[in-house]
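Next come the chains, spelled out residue by residue.
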Protein chains: 2
Amino acid sequence: MIRAISAGLKPYVIRRRLYSKGALSPTVKEQLLDPPQIGSIFEVRGFVKSIRNSKNVGFVDISDGTTSKIINVVLLGKNQPKLQVGESVCIKGEWNISKGKGQETELKYDPTDPNHAYEIIGTVPDDYPLQKKATSMSFLRTLPSLKHRASTIASFYRLRSFLESQMMDFFNSHSFTKVSPPIITSSDCEGAGETFEIKQSEEFFEKKACLTVSTQLHLEAIALALNRAWTLTPCFRAEESKTSRHLSEFWMLEAEISYLDDLEPLLNFTEEMVKYATSRLVERKEEYLEGTYLDRETIESRWRHILGDWRRLTYVEALDELRRKGINLTFGDSLNLDHERVLAENGPVFVTDYPTSMKPFYMRKSLTFNEDKPTVACFDLLLPQFGELVGGSLREHGHDTLLESMESNTMNLDDMEWYTILRKCGTIPHGGFGMGWERFVTYLSGHDNIRDTVPFPRAPGLCKA
Amino acid sequence: MIRAISAGLKPYVIRRRLYSKGALSPTVKEQLLDPPQIGSIFEVRGFVKSIRNSKNVGFVDISDGTTSKIINVVLLGKNQPKLQVGESVCIKGEWNISKGKGQETELKYDPTDPNHAYEIIGTVPDDYPLQKKATSMSFLRTLPSLKHRASTIASFYRLRSFLESQMMDFFNSHSFTKVSPPIITSSDCEGAGETFEIKQSEEFFEKKACLTVSTQLHLEAIALALNRAWTLTPCFRAEESKTSRHLSEFWMLEAEISYLDDLEPLLNFTEEMVKYATSRLVERKEEYLEGTYLDRETIESRWRHILGDWRRLTYVEALDELRRKGINLTFGDSLNLDHERVLAENGPVFVTDYPTSMKPFYMRKSLTFNEDKPTVACFDLLLPQFGELVGGSLREHGHDTLLESMESNTMNLDDMEWYTILRKCGTIPHGGFGMGWERFVTYLSGHDNIRDTVPFPRAPGLCKA
């Protein structure tokens, strides 16, 4: 039987005998969730992750990437298949209770049994780079197409996918509509000028167009029609920033909510959202974190922080607190990552009511606004060690006040009439926030570099593939 | 009480008395799903959609966009509030069984009752454009920020959001991981040259970069690690196409599946996916289609087509069928929209095994391949009247065969080494498909122009806002 397969029978010849015609091959995740009866013939497809051979028995771990769990294959006898780490294989044998430690079941392959078979679907070269379990992240980053097979990288993707599902459920249960604001835009939301411009835009679109830095302005137009709107969408910033917390192309979860005239419900909602997704993850931690090689204590302490009590401070109170700890800032100074870490030393903290000068044109005046210390109704959510995860605000919904703010920011009012008209036609107090999606995934995974949570990261000098 | 509010009390003063401190205001959707007791005091927030006034009573329809349903407000007595269509309002009154037709409940507002109150949150100018219920689509397209408030447009967005949720459930239940392939790429997937280039890419990324036309190649790299991967992501094509079926920026649902060596399971899976989302929609049709002004018969006939039997034809069989109907094409000719409509006259049809010359480099040879009529293992899904919805194929997984194909397409092999290396390292037979997301939403909604299903459409000469 081995000879027949090696001689050129394709793997679907095996499969068609076992599975209904025209169905997809079962995944390892499906096989482990709904395992066959002990003693029955069973077939697994995946990559050889590790091999331990001894004289009369071999042990092979097979993974197909759908779960962090693996299927253990026991190869009996002397004529064991010659397998290499990294090869894609299909092995058919008997499903058994395992005698080994750390696993409940295993696939027994006996070359003398005519019902057992294996095939090497794809071989690997001798220098196949993913040999060891705990390959370093910096080495993996040099392998743009193969790194996804590393357990830790794959676990980031599964975690990210799981969190997106949870967010979908969360927003659905709060009457939000998920929408797709444009990527290509003629409006620079933040006014910071760090946009990527489309080369042929002036001829193609008959106006200068660039990639969006935030979909907020468009999301406002939609939320002022549908009451509540959210999106999870790519955003782009042409910052020359090469840190582990920035990407030139990143995904942002943005939400916009009508009938909001106070920061408090917005803070409550943000906290509820972050805690919701985190608690769903904690319930399924074995599924999403087994098999990664990140520090378990770091992961669990981050989860505890998220699920614990959150503080709320105004920017002015934050300056006072920093002063008591020996850091002297004056009103109008930015908080850098070190300051943020001091404030969030013992848990997440919302810092609210930042100075007007530090924030974009669209934010509404704060309740504590005064001419000496002008502030806006906004917040940053700071996490222990990590710094900012979410930023949000109430938006100025009064037409004339908004125009004043835009004028003092020397913006082109004609270009923005599509936006300001919203304040003339049935305006509504509203607000919202943006959350860096890779930052959220990174924080919850216990990792420290957002570049590894996205399959093909883009940053200055980095556009592989 | 009216005077007190008109004199400047803000709406949250009302709300805070009725709802827990710091919670979001309830939406109309939530209020209708979980209505208050008959006779209790109740408050609605939304836009005035229509007004009918008579001497002693007025009828106002209020919508907040979270549902196609409205709340009917009955204004009693002579001193009725002066409201305008389009204004955002907050009205507090008594929740009652309705005496009118077509509605079960209503909000009764009595100006003499001290517990009743209203506030106009945002006024509208006299020339507010959204006056009539059935405003034409072409007129709405001239209103980039206000059109979202039109019932039909809002229903597209809610439908789109619902379908995305269903897809998430569908792919989750089939062991897929949702991933985020890059938008900015240095690899042109289709090789058609219709990419948008990023102006400052050569200095910023140190190589020429453009916006992706399809994420397939990157998705293959991920699927060859995680077994199954899908994405719903923006794609960009710089085609000078101004039809109702094309956008320069559109969203594409792409899926890639390992261990596929035959088209049949891929066709089955595609059919199952489309039917799954459609049948979930049919179950909730009142929620998603009430309030739109599209032709109900068109909508329901499209749903019936989707849920009925689908045919499967090879390209060569399709030519034969066209010939019998008087359309003479020869092997290698493209099928245009008219041809597609003839083939899909009575229901959806998969056309498979197109000529190699018509398809991109990465497709695997067909089982029916011969040197005279070379074909690839691919399919297009054609819908009645509508034409192509999905296109997919098996991908060439053999290293040398892939390189031959790339060479005969005069591609730069060095640039694509990140992709071809996948075939050297544990390659796996695989395949997948791409579905135009706006096309799917448009078809199921009974509409005929994909531009209206995305809030800010981009097309040649069109980049408003």
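Residues numbered from 1 in each chain as written. Chains lettered and ligands numbered in written order. Predicted model: local features only at pLDDT ≥ 70, side-chain atom pairs only at ≥ 80, totals over all residues. Heavy atoms only, no water.

Per an unreviewed UniProt entry, the recorded name for chain A is asparagine--tRNA ligase, and the organism is Candida parapsilosis. Its UniProt record gives chain A the following Sequence similarities (unreviewed entry) comment, quoted word for word: "Belongs to the class-II aminoacyl-tRNA synthetase family." (UniProt positions renumbered as here; feature names shortened; annotations may be inferred.)

Colleague: Hey, could you go over the packing of aromatic side chains for me, with residue numbers and the actual values?
Modeller: The description of an aromatic ring pair uses the distance of the two centres, along with the angle that the planes make with each other. All names here are of chain A. Enumeration according to the criterion identifies 48 aromatic pairs over all chains in this entry. Their ring planes at 80° and their centres at 5.4 Å tell us that F361 and Y362 sit as a pair that is edge-to-face. Exposure remark for Y362: the relative accessible area of 4% places this residue in the buried category. An aromatic cluster of three or more residues is present, and its members are F170, F171, F176, W230, F269, Y276 and F433. Over the ring of Y354 we find K359, and its NZ or CZ is 4.6 Å from the ring centre. (Phe/Tyr/Trp six-rings, centres within 6.5 Å; stacked < 30°, edge-to-face > 60°. Buried < 20%, exposed > 50% of the residue type's maximum accessible area, 1.4 Å probe, protein only. Lys NZ or Arg CZ within 6 Å of the ring centre and 35° of its normal.)

Colleague: Which residues make up the domain arrangement of chain A, and what are the values?
Modeller: Many authors give the size of an interface as the accessible area that is lost as the parts come together. All names here are of chain A. Taken domain by domain, chain A comprises domain 1 (28-133) and domain 2 (147-452). For domain 1 versus domain 2, the separation of C-alpha centres amounts to 45 Å. Contact with domain 1, which involves eleven residues of that partner, is made by seven residues of domain 2. Regarding the contact of domain 1 and domain 2, the summed buried area is about 870 Å², with carbon and sulfur atoms giving 45% of it. Its salt-bridge partner being K29, residue E287 comes within 3.8 Å of it at the nearest N-O pair. Put simply, domain 1 and domain 2 have three residue pairs in polar contact (both at pLDDT 80 or more) between them. Considering only residue class, the side of domain 1 that touches domain 2 consists of three nonpolar, four polar and four charged. (Domains from an automatic or database assignment. Contact = heavy atoms within 4.5 Å. Buried area = accessible area lost by both parts, 1.4 Å probe. Salt bridge = Lys/Arg side-chain N within 4 Å of Asp/Glu carboxyl O. Polar contact = N/O pair within 3.5 Å; in protein donor to acceptor, adjacent residues only side chain to side chain. Nonpolar A, V, L, I, M, F, W, Y, C, P; charged D, E, K, R; others polar.)

Colleague: Quick one: what's the story with the interface of chain B and chain A, residue by residue and with numbers?
Modeller: Of the residues lining the interface, 115 residues belong to chain B; the matching set on chain A comes to 115 residues. Of the roughly 9500 Å² buried at the junction of chain B and chain A (both faces included), carbon and sulfur atoms supply 59%. Its largest share of buried area at the contact with chain A, chain B owes to L24, F204 and Y259 of chain B, together 8% of the area lost on that side. For the pair chain B and chain A, the interface holds six salt bridges. Across the salt bridge formed by E30 of chain B and R228 of chain A, the nearest N and O atoms sit 3.4 Å from each other. Where chain B meets chain A, there are 54 residue pairs in polar contact (both at pLDDT 80 or more). Sorting elements by how many residues they give to the side of chain B that touches chain A places helix α5 (residues 151-172) of chain B first, with nine residues. For the side of chain B that touches chain A, the residue count by class is 56 nonpolar, 32 polar and 27 charged. (Helix = DSSP H or I, 4+ residues; strand = E, 2+ residues; numbered from the N terminus.)

Colleague: Give a description of the relation of the copies chain B and chain A that names residues and reports values.
Modeller: Once turned by 180° and shifted 0.0 Å along the axis, chain B lies on chain A with an RMSD of 0.0 Å. Accordingly, the operation relating the two chain copies is best matched by a two-fold axis. Both copies contact each other with a shared surface, as 100% of the interface residues of chain B are interface residues in chain A too. (Least-squares fit on C-alpha atoms with pLDDT ≥ 70 in both.)

Colleague: Give me the pattern of salt bridges: which residues, what numbers.
Modeller: In total, this model carries 46 salt bridges over all chains according to the counting rule given. With a shortest N-O distance of 3.1 Å, R160 of chain A and E438 of chain A are connected by a salt bridge. Placement of the pair is R160 of chain A in helix α5 (residues 151-172) and E438 of chain A in helix α15 (residues 437-445), with a sequence separation of 278 residues. Residue classification places R160 of chain A among the buried positions, given a relative accessible area of 3%. Between E271 of chain B and K275 of chain B there is a salt bridge, and its shortest N-O distance comes to 2.8 Å. Within this pair, E271 of chain B and its partner K275 of chain B are both found in helix α8 (residues 263-283), separated by four residues, close to a single helical turn. Take E271 of chain B: its relative accessible area is 14%, and that puts it in the buried class.

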